[in-house]
Amino acid sequence: MTAATMNDSNHGLARPQRRPALELRRVVKEYQGDPPVRALNDVSLRIDHGELVAIVGASGSGKSTLLNVMGTLDRPTHGIVEIDGVDTAGRSDNAVAGIRARKIGFVFQQFFLLPGMSAVENVANGLLYQGIAPSERRARAIDALRRVGLGHRLEHTPNQLSGGERQRVAVARALVHHPAFVLADEPTGNLDSRSTDAVMQLIRDLHAEGTTIVVITHDTDIAAELPRRVTVHDGSIIADSGHPDDAPEI
Amino acid sequence: MASNDQSPASKLRLNDVVRVGASGPRARKTRTALSALGISIGIAALVGVLGLSESSKSALLDEIAALGTNLLTVEAGGGIGAGDGELPDTALASVARIPTVTSASAVWDVDADVYRNEFIPEGETGAINVVASDVDLVHTLRGEVAAGRFFDENTAHYPTAVVGSVAAERYGIRDLNTPTYVFIGDEYVEVVGILKEFPLAADLDRSVILSQQAATTFFDADDSPSTVFVRVLDGTIDETRDVLPGNTDPENPEEVTVSRPSDALEAQAAADDALTTLFLGLGAVALLVGGIGIANVMVIAVIERRGEIGLRRALGATQAHIRRQFLTEAVILSVLGGIGGVAIGVVATLVYATSQDWRVIIPQEAALGGLAGAIAIGAIAGLYPAMRAAKLPPTEALRA
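Remember, predicted model here, so these are calculated numbers, not experimental data.

To continue, consider the overall build of chain B. Within chain B, the regular secondary structure consists of 13 helices and ten strands. A compact globule built from 400 residues should have a C-alpha radius of gyration of about 21 Å, whereas chain B, at 35 Å, is more than 25% larger. In terms of its C-alpha atoms, chain B occupies a principal-axis envelope of roughly 125 × 45 × 35 Å. For chain B, the proportion of its 400 residues judged to be buried stands at 43%.

Quick look at the structure:
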């Protein structure tokens, strides 16, 4: 089953209240060169609010490029990228940055916590580029840290935290502005197995509370635990298990 | 539900620009201190040099003010031929009659050698000479007596001597607690006074001075004065200067030279300026090197902190936000350096000027100019690294 047929089957189906958090339509990404390298080849994908999706692929499959395009960190060569119903094509860099600031949360394999800043300050940075006042940023950051179970680590700096705790701080930072969806790029790639389990459990808990999360991973075991799996190979989506609420086609 | 098609652009508050710009230096304190050091040294040099030169000049100018800039000296010389190369015998009286002259004194050469005692071989005078003066000399020159007294109307006819400061030192005369004599011509003459130095008439420091009355009575003194010292009313220096030659020697005014000894001291103050300029140049070079140091540190910071740049772009920062962050960071480094430099410069001036008993003067232009210069240098030094940081594509930055 391809993404295209999946999307076709979604139209006019039984659950009209489903709303796309992210939609790619016929996206092509080529890198200049001789010959040009086509990293994404006619990719269409729709992820609805409330979904928990794994995007699985080996290295070089194009999943990093897909992450960059979904996160509006890179623009597609052709095709349409809509974030929470807003088409990003033709918008200025400033406007697209505004979409990232409000609609997308990022979790990275390397955490990217700023050294010398406390957990609260790091999480509050998730609200920095919306022009929100410092006191409100701090209050919301504390809420987000409590949500990921780090209410007792507010003033710790990254080097005082374990790897798993660091990644939970990063998850709190990705959630603090209530984005349309969270993009988690190999979120467990730098963690031991115990921390991996904890972080994946956190991701499932957050999903259960209604957060839309896309996990990009090369690890098929992690992907297997998630309700929807999209498999990428050679710049194309070769398999999509589809929305779990949809009845399997007969 | 219709989606908001006009989603707002990302936005960084002004005080957050400062906060974000300070986050880098705050997290790396040692490096911050070291990279600000170059600017500190430059600014400290500028503030210190200007402060010390102003303070030392103030000492010199205070001295000039105390000695007065209204002293003129009248001497023979300058013209060609017509006269006899001497001031007229009446020069002192003529000069004293000029209305703008408040006091006048003269010095006459005495044709005699002076020795500490009779056992000194002939000719070894140690460059000390004998002159005669009227009783007003110390008053006119605003000199002071270190020990004993100068001549007055009542003692001028005694064959006694007063020694200048250098002469006293060479003769080993420190006080007059026991009767002290010098050997002039072939007579012992009692020393009744020791003078402090005359900054405006240094020749007299190396002289043994007799009163004019005694010198003509007991020795062979010239009738024509060698120098006439003239104190004039403030504000009349130029006009007095113009009429002095004609009044001194109506027949050969061109043979009269009038000079102003305080000019020499002021020239000395000006000469200090030349040295100051040199040090200021060195300070400017240090500042430039400090600026290059900051640019260097910032370029490295941009390379090292690619991950942070990528993260901030992912969090919604625009290129302009990144540029502002690194520019602010560079300015913060240079301002820290500037503040440190001003502090070091002020303390150095304070310590040295105090040790020299100078009045402490910190020129405000130096301190404020130093800070303004530091900000400008930081901004210029940060420009290129900030542009580089801003131009870095987020996908590349996140690949760190």
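We are not done yet, so read on.
Residues and elements named next belong to chain A. Spatial strand order, S6-S7-S8-S3-S9-S10: six strands in an open sheet with mixed pairing. A single partner strand is all that each edge strand has here, and the edge strands are strand S6 (104-107) and strand S10 (236-240). Shown here is a sheet whose adjacent strand axes are inclined to one another by a mean of 20°, direction ignored. When strand S7 (residues 181-185) meets strand S8 (residues 213-217), the two strands line up parallel, connected through four bridges.

All names here are of chain B. In the sheet, strand S1 (residues 71-76) pairs with strand S9 (residues 227-232) via five bridges, with the strands oriented antiparallel. In the strand pairing of S9, leucine 71 is matched with arginine 231. By the bridge criterion, four bridges tie S1 to strand S10 (residues 256-259) in an arrangement that is antiparallel. Within S10, the residue paired with threonine 73 across the bridge is serine 259.

Turning to the sheet that holds strand S1 (residues 20-31) of chain A, a few remarks are in order. Neighbouring strands of a sheet are bound in pairs by backbone hydrogen bonds; such pairs are parallel or else antiparallel. All names here are of chain A. Reading across from one edge, S2-S1-S4-S5 is the order of the four strands in this open sheet, with antiparallel pairing throughout. The sheet terminates laterally at strand S2 (37-48) and strand S5 (86-87), the two strands that pair on one side only. Where strand S4 (residues 78-83) lies against S5, two bridges are found, and the strand directions are antiparallel. Bridge pairing in S5 links isoleucine 83 to valine 86.

With 29 residues of chain B in contact, the opposing surface of chain A contributes 31 residues. At five residues, helix H10 (residues 306-314) of chain B tops the list of elements feeding residues into the side of chain B that touches chain A. Here the side of chain B that touches chain A is built from residues that sort into eleven nonpolar, eleven polar and seven charged.

Within soluble globular proteins, side chains that are nonpolar tend to cluster in buried spots. By size, the foremost hydrophobic cluster in this structure holds 117 residues, and its most contacted members are Val123, Ala172, Phe181, Leu183 and Val214 of chain A. For this core, the element with the most residues is helix H2 (residues 29-67) of chain B, which contributes eleven residues. Among all residues touching valine 123 of chain A, those that are not within four sequence positions of it are Ala141, Ala144, Leu145, Val169, Ala172, Arg173 and Val176 of chain A. Counting 55 residues, the second-largest nonpolar core is a separate cluster that includes Ile128, Leu137, Phe150 and Leu210 of chain B.

Attention shifts here to unusual backbone geometry. Residue and element names in this part refer to chain A. Of the consecutive residues aspartate 34 and proline 35, the connecting peptide bond is found in the cis state with omega at 0°. With respect to the secondary-structure elements, proline 35 resides in the loop between S1 and S2. Positive phi, normally seen in glycine, also occurs at glutamate 186, with a value near 45°. Among the structural elements, glutamate 186 can be located in the loop between S7 and helix H7 (193-208).

Parsing chain B into structural domains produces domain 1 (14-64 + 266-399) and domain 2 (70-261). Each of domain 1 of chain B and domain 2 of chain B has a C-alpha centre, and these two points are 57 Å apart.

What follows is about the confidence of the model for chain B. Residues and elements named next belong to chain B. Model confidence for chain B is summarised by a mean pLDDT of 88, while 96% of its residues fall at 70 or above. At the low end of the mean pLDDT range in chain B sits helix H9 (residues 262-304), at 84; at the high end sits H10, at 95. Confidence estimates for the predicted assembly give a pTM of 0.73 and an ipTM of 0.90.

All right, on to helix H12 (residues 364-391) of chain B then. Along its 28 residues, H12 of chain B runs 40 Å from first to last C-alpha, staying within 8% of the 40 Å computed at 1.5 Å per residue. Approximately 40° is the largest bend angle found in H12 of chain B, and it occurs at leucine 383 of chain B, with the proline proline 385 of chain B only one to four residues beyond.

Here we take up the confidence of the model for chain A. Here chain A averages 90 in pLDDT, and 92% of its residues register 70 or above. Segment residues 1-12 of chain A is flagged for pLDDT under 50; beyond a separation of four residues in sequence, or across chains, it makes 14 contacts in the model.

Residue and element names in this part refer to chain B. Its location among the elements puts tryptophan 358 in the loop between helix H11 (319-355) and H12. Classification of tryptophan 358 by C-beta neighbours within 10 Å gives partly exposed; the count is 19. The sequence separation of tryptophan 358 and alanine 156 amounts to 202 residues, and the corresponding C-alpha distance is 39 Å. Filtering out sequence-adjacent residues up to four positions away, tryptophan 358 remains in contact with Ser55, Ser56, Ser58, Ala59 and Ala353.

Conventions used here
Per chain, the residues get numbers from 1 upward, laid out in the order the sequence is written. Written order determines the labels here, with chains lettered from A and ligands numbered from 1. Confidence filtering applies because this is a predicted model: local features only for residues at pLDDT of at least 70, side-chain atom pairs given and counted only at 80 or more, and all residues used for totals across whole chains, interfaces and linings. Helix and strand definitions here come from DSSP, where helices need a minimum of 4 consecutive H or I residues and strands a minimum of 2 consecutive E residues; each element is numbered from the N-terminal end. Note that the radius of gyration is over C-alpha atoms, with the globule rule given as 2.2 Å times the number of residues to the power 0.38. Residues are called buried when their C-beta atom has 20 or more other C-beta atoms within 10 Å, exposed when it has 12 or fewer, and partly exposed otherwise; all C-beta atoms are positioned from the backbone. Here, a strand pair is defined by DSSP locating no fewer than two bridges between the strands. Helix axes are fitted only over the stretch in contact, all axes being lines through C-alpha atoms; the angle between N-to-C directions runs from 0 to 180 degrees. With C-beta atoms placed from the backbone, a contact is any residue pair whose C-beta atoms sit within 7 Å. Amino acids outside the nonpolar list (Ala, Val, Leu, Ile, Met, Phe, Trp, Tyr, Cys, Pro) and the charged list (Asp, Glu, Lys, Arg) are all regarded as polar, and Gly is one of them. Among buried residues, those of type Ala, Val, Leu, Ile, Met, Phe, Trp, Tyr and Cys that are joined through C-beta atoms within 7 Å form a set called a nonpolar core. Residue ranges labeled as domains rest on an automatic or database domain assignment. Values of pLDDT, ranging from 0 to 100, describe the predictor's confidence in every residue of the model. One less than the number of residues in a helix, times 1.5 Å, gives the span that helix is expected to have. The bend reported for a residue corresponds to the angle between axes fitted to the seven residues ending at that residue and the seven starting there.

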